[in-house]
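Chain by chain, the residues:
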Amino acid sequence: MEFLHTLPNNLIVYVVVAHLLFGIGLHGMMFRRTLIGILISLELLIQGVGINVMAFGTFLHVDPLAARVMTLFLLGIGAAEAALFLGIAVAVFRNNQTISINKLTGLKG
Amino acid sequence: MIITQISILRTLLMILGITLVVGINAVFVVWLERKVAGHMQFRLGPTEVGPAGLLQTVADGLKLVSKQIIFPSSADTPIFILAPIICLIPVFVALVPVPFSETLQAHELDIGLLLVIALGLLNTLGILLAGWGCDNKYALLGASRAVAQILAYKIPLLLCILPVILLAGTFSLREIVVAQQESMWFALYQPVAFFMYLIAITMETNRSPFDFAEAESELVAGFHTEYSGMMFSLFFLAEYTYMFLASAIASILFLGGWLGPVLPGPVWMLLKIYFFLFLMMWFRWTFPRVRVDQMLAFGWKILLPISLLNFLLTAGVMAAL
Amino acid sequence: MSFERFALDIYALTFASLLVQIVVGAVMAVMLKKLVHCFLGLVITMVGVAGLYYFLGSPLLAVMQIMIYVGAVCVAIAFGLSLTHKAGEEGLQAPGPRGIVPPFITLAMLGSVLLGLSRREWVGYPQKIDESPIGMMLLGEYLLPFEVISILLTVAVIGAISVALIKRRR
């Protein structure tokens, strides 16, 4: 219980969680076979990066406001990228009737 | 540490208070709706159960609880069960920063208004999941229409709130009312924003003349077609609580919250909130339903430019002064 | 047991449950078969990350995370899901021998980061600071990134709309 009390002030916890999210997102990106599945894993990657940036800025930097600004920009960029990805996925589905990347092999070979 | 001391008793009281507010509001508003509907249609409405029919909602609630909850066999059960919960919980939490008088507030937040806006956005997620989980074309269609409608009016809603934030200089709901104590109520400074805010919240809460989500004569029952019994009532609880929240924000932002001459603060606040609720019910039983594309065109082509212009004008005037 | 002690316990337990929520949501998001369940896992993770931002001393970022990610990006993904839904498409591939790559990369990154961190002192700790200078910073010191991201968002929205309107050339 005492150990749990020290957790929110411990940088290592945030770093480990961020890397865990990054690893799980990476696993998802490698092994999911639909475009939307890949998008979901990509968003997980970005969440991990956000936690990392915020944690470093809070613990290691004298000016924590800069970390908040950077994380806000990260949020905005993640949203823009998700919107573009979805536009592409919808267009691909409309033209090929599938979003499974096993079947979208027009550029292969 | 972020917090140095939490008063456990205060937190418990806060949870109890919000639950009571939501529950009593639901009971009262359902009765009020049926009475208003009745009198506008030149009939009486509920009169049997309790004095003047006040306990009608309790009777309805008991009836709904005793109904069997039917799960469609091809429905996605986790999503089916989660959707009403996702519709309901954010509205509960959004009632936390709302002040009912100078001291009657669950918890003071510097970014109270921002939290209310953020949690209001989660309503769309609940509706989409509800439409998806039913495995029913009508439900999905109703849900997509409802979400398109809500998203189309979200931006004018935010652009109507922004001039008030400029005038008050803060996101904290309590400070906004305090700012109106010195100067006049913001409705007099921002009549256009007030009017557009009323239109936007009628849209946001899926009320007539914009109730495409329910659309009783068009889509069976929209996104809650397959829900029966208590889960159906959860959606309605969420909707009425969201109406209460939107009216509370309207009275705080534009009509000065708990400010008023003779009566105590909370009484004024409740009067203003129920004035807005009565207004929404008045709209429902007076106007026919608008067509979907007309409504979307109105939102994107008329409401959005006007609210943007209003915001720019306010910012310009405030910078000049 | 005093009230303050109980409050600290609740605080610590909330933090621990947030960590559990994040990990459970992430595992749901990559391991489940049906895409809607993965989407739910993503929502759970994002709400957990919002809580983590609150514990790092930034209620503003927590609310922004809920507003931008859960309120907008997740709704957009849900719309995309319903528009590209095809019954019976297998969404998951068994990892196989290549499954060792993500844990390996993650552990390598984590090891190097922890090694680098062991040489630095922790200057600060999570505390709630006044975040109103962020607005002035966005329009003063960070004006260029601010304008660039607004252009980026405009281009992304216009690009998404124009891409979604592409029809197959016959």
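Figured I'd write up the structure that's included with this text. On a predicted model such as this, the values are computed, not experimentally measured, just so you know.

Turning our eyes to something else, we now look at the overall build of chain B. Of regular secondary structure, chain B possesses twelve helices and zero strands. Its helices and strands in sequence order give chain B the pattern α-α-α-α-α-α-α-α-α-α-α-α, from N to C terminus. For 321 residues, the compact-globule estimate of 2.2 N^0.38 gives 20 Å, and chain B sits close to it at 20 Å. In chain B, which comprises 321 residues, the proportion classed as buried is 53%. For chain B, the proportion of contacts with a sequence separation of at least 24, taken over those separated by at least 6, is 76%.

All right, on to unusual backbone geometry then. Positive phi, close to 60°, is recorded for Gln97 of chain A, a residue that is not glycine. Along the chain, Gln97 of chain A falls in the segment after helix H4 (64-96). The exposure class of Gln97 of chain A is partly exposed, given its relative accessible area of 46%. With a phi close to 60°, Phe42 of chain B is a non-glycine residue in the positive phi region. As for its placement among the helices and strands, Phe42 of chain B is situated in the loop between helix H1 (8-40) and helix H2 (56-65). When its relative accessible area of 82% is taken as the criterion, Phe42 of chain B is described as exposed.

Geometrically, a packed helix pair is captured by the angle between its two axes and the distance between the axes. All names here are of chain B. Two elements in contact, helix H6 (residues 137-168) and helix H12 (residues 292-320), have axes separated by 9 Å at closest approach and are oriented at 15°. Accordingly, the angle class assigned to the pair H6 and H12 is roughly parallel. Considering only the axes of H6 and H12, their crossing is left-handed. A class-by-class count of the residues in the contact of H6 with H12 yields 22 nonpolar, five polar and one charged.

Our next topic: the interface of chain C and chain B. Contact with chain C, which involves 34 residues of that partner, is made by 28 residues of chain B. When the two sides are added together, the surface that chain C and chain B hide from each other amounts to roughly 2,700 Å², 83% of it contributed by carbon and sulfur. The three residues of chain C that bury the most area against chain B are Tyr11, Met67 and Phe79 of chain C, which together make up 19% of that side's buried surface. Linking chain C with chain B are zero salt bridges, by the criterion used here. Across the contact surface, chain C and chain B share zero residue pairs in polar contact (both at pLDDT 80 or more). Secondary-structure elements contributing two or more residues to the side of chain C that touches chain B are helix H1 (3-31), helix H2 (35-55) and helix H3 (59-83) of chain C. Examining the composition of the side of chain C that touches chain B, we find that 14 residues originate from one element, H3 of chain C, more than from any other. Of the residues assigned to the side of chain C that touches chain B, the class counts are 25 nonpolar, six polar and three charged.

The next thing to look at is the packing of H6 of chain B against H3 of chain C. One can describe the packing of H6 of chain B onto H3 of chain C by two numbers: an axis separation of 12 Å at closest approach and a directional angle of 145°. As for how H6 of chain B packs across H3 of chain C, the hand of that crossing is left-handed. In this structure, H6 of chain B contributes Leu140, Ser144, Val147, Ala148 and Leu151 of chain B to the contact, and H3 of chain C contributes Val75, Phe79 and Ser82 of chain C.

Cut-offs used in this document
- Residues numbered from 1 in each chain as written.
- Chains lettered and ligands numbered in written order.
- Predicted model: local features only at pLDDT ≥ 70, side-chain atom pairs only at ≥ 80, totals over all residues.
- Heavy atoms only, no water.
- Helix = DSSP H or I, 4+ residues; strand = E, 2+ residues; numbered from the N terminus.
- Rg over C-alpha atoms; globule rule 2.2 N^0.38 Å.
- Buried < 20%, exposed > 50% of the residue type's maximum accessible area, 1.4 Å probe, protein only.
- Contact = heavy atoms within 4.5 Å.
- Axes fitted to C-alpha atoms, helices over the stretch in contact; angles between N-to-C directions.
- Parallel < 35°, antiparallel > 145°, perpendicular 65-115°, else oblique.
- Left-handed = near helix turned anticlockwise from the far one by under 90°.
- Nonpolar A, V, L, I, M, F, W, Y, C, P; charged D, E, K, R; others polar.
- Buried area = accessible area lost by both parts, 1.4 Å probe.
- Salt bridge = Lys/Arg side-chain N within 4 Å of Asp/Glu carboxyl O.
- Polar contact = N/O pair within 3.5 Å; in protein donor to acceptor, adjacent residues only side chain to side chain.

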